[in-house]
Amino acid sequence: DTAVSQTPKYLVTQMGNDKSIKCEQNLGHDTMYWYKQDSKKFLKIMFSYNNKELIINETVPNRFSPKSPDKAHLNLHINSLELGDSAVYFCASSRQGASTGTQYFGPGTRLTVL
Amino acid sequence: GQQVMQIPQYQHVQEGEDFTTYCNSSTTLSNIQWYKQRPGGHPVFLIQLVKSGEVKKQKRLTFQFGEAKKNSSLHITATQTTDVGTYFCAGQGASGTYKYIFGTGTRLKVLA
């Protein structure tokens, strides 16, 4: 069984469209994250939820909106897609607790905006 | 804000040579983690260091956390082609938040 799964794996869309990426973890973790990895491989945290509560909200355009329906799921909705949104988006999860933050990453969603 | 830099950005080595990547944080860290990302893959956790001056080994990999808890290194002895990938450090601030700031990464290529 995949520990952290994301759908879709690839997403190709036109500028201006709205799209969603879904993430699910079956590890029983309390904390989930969204990261963006750009073409230079820089990995930047975007959001984090702990038990469905938003705890990290980095400087991200408000076109990006995370939603956590329960602690096993964290989705990312993006409105009005722009060329610069093209990247690989990784979901990750970890157990609650600052010192036990080992993060388990999903396989990533490669978003291409045309 | 907190920044974590890694050097070098890229490294090409011949198989069998050693490799080291260095990680430097602008602020004191409570702990640091290392991840490996294979080409086309996702980051995979390698290790976590918590104590000042801590050294941990995993087979050919040696991890070190600086005395001031602001820097760290990963050393690979006798590289193999399976070591190819990007190595990231990720530091958690001393305030102990959930947030880990990832380093800029070092891409390692191993030539057979």
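This text follows the structure it describes.
Below: a short report on this structure. (Residues numbered from 1 in each chain as written. Chains lettered and ligands numbered in written order. Predicted model: local features only at pLDDT ≥ 70, side-chain atom pairs only at ≥ 80, totals over all residues. Heavy atoms only, no water.)

Remarks on the interface of chain B and chain A
With 19 residues of chain B in contact, the opposing surface of chain A contributes 25 residues. Roughly 1,900 Å² is buried in total at the junction of chain B and chain A, and carbon and sulfur atoms are behind 55% of that figure. When the buried area of chain B at its contact with chain A is split by residue, Tyr98, Lys99 and Phe102 of chain B rank highest and sum to 33% of it. Remark: the boundary between chain B and chain A carries 1 salt bridge. As a salt-bridge pair, Glu58 of chain A and Lys99 of chain B come within 2.9 Å of each other at their nearest N and O atoms. For the pair chain B and chain A, the interface holds 3 residue pairs in polar contact (both at pLDDT 80 or more). Sort the elements by how many residues they give to the side of chain B that touches chain A and strand β4 (residues 29–37) of chain B lands first, with 4 residues. (Contact = heavy atoms within 4.5 Å. Buried area = accessible area lost by both parts, 1.4 Å probe. Salt bridge = Lys/Arg side-chain N within 4 Å of Asp/Glu carboxyl O. Polar contact = N/O pair within 3.5 Å; in protein donor to acceptor, adjacent residues only side chain to side chain. Helix = DSSP H or I, 4+ residues; strand = E, 2+ residues; numbered from the N terminus.)

Section: the state of the cysteines
Applying the stated criterion across every chain yields a total of 2 disulfides over all chains. At a sulfur-sulfur separation of 1.9 Å, the disulfide partner of Cys23 of chain A is Cys91 of chain A. Because the sign of the S-S torsion sets the handedness, a value of about -75° for the bond joining Cys23 of chain A and Cys91 of chain A places this disulfide among the left-handed ones. Of this pair, Cys23 of chain A sits in strand β3 (residues 19–25) while Cys91 of chain A sits in strand β9 (residues 87–94); the two residues are 68 residues apart in sequence, bridging distant segments of the chain. We note that Cys23 of chain A, like Cys91 of chain A, is buried. Each sulfur in the disulfide pair Cys23 of chain B and Cys89 of chain B lies 2.0 Å from the other. Across the S-S bond of Cys23 of chain B and Cys89 of chain B the torsion is about 75°, and the bridge reads as right-handed. Here Cys89 of chain B lies in strand β9 (residues 85–93) and Cys23 of chain B lies in strand β3 (residues 19–25), a separation of 66 residues in the sequence. Residue Cys23 of chain B is classed as buried on the basis of its relative accessible area of 1%. (Disulfide = S-S within 2.5 Å. Buried < 20%, exposed > 50% of the residue type's maximum accessible area, 1.4 Å probe, protein only.)

A look at the side chain of His29 of chain A
All names here are of chain A. Tracing the backbone shows His29 in the loop between β3 and β4 (31–37). Relative accessible area serves as the criterion here: at 6%, His29 is assigned to the buried category. In this structure the side chain of His29 is engaged in a polar contact, spanning 3.4 Å, whose partner is the backbone nitrogen of Ser94.

Here's the deal with the nonpolar core
Among the nonpolar cores identified, the biggest contains 20 residues, and Trp34 and Phe63 of chain B are the most heavily contacted of them. Of all the secondary structure elements, the ones that give two or more residues to this core are β3, β4, β5 (44–49), β7 (61–65), β8 (71–76), β9 and β11 (106–111) of chain B. Core analysis: the second largest hydrophobic core is formed by 19 residues, Met32, Trp34, Leu76 and Tyr89 of chain A among them. (Core = buried A, V, L, I, M, F, W, Y, C linked by side-chain atoms within 4.5 Å.)

With respect to the sheet that holds strand β1 (residues 4–7) of chain B
Residue and element names in this part refer to chain B. Strand order in the open sheet made by the 5 strands is β1-β3-β8-β7-β6, with antiparallel pairing throughout. Because the sheet does not close on itself, it has two edges, and the strands there are β1 and β6 (55–58). Between one strand axis and the next, the sheet turns by 15° as a mean value, whatever way the strands run. Across 4 bridges, the pairing between β1 and β3 is antiparallel. Looking across to β3, one finds that Met5 is bridged to Asn24. (Pairing = 2+ DSSP bridges. Axes fitted to C-alpha atoms, helices over the stretch in contact; angles between N-to-C directions.)

Side note on the sheet that holds strand β1 (residues 4–7) of chain A
Residue and element names in this part refer to chain A. Here we have 4 strands laid out as an open sheet, ordered β1-β3-β8-β7, and antiparallel in their pairing. The open sheet has two free edges, formed respectively by β1 and β7 (64–70), since each of these has just one partner strand. The average angle at which neighbouring strand axes cross in this sheet is 20°, direction not considered. Bridge analysis of β7 against strand β8 (residues 73–78) gives 5 bridges, and the strand direction is antiparallel. The partner of Pro66 across the bridge, within β8, is Leu76.

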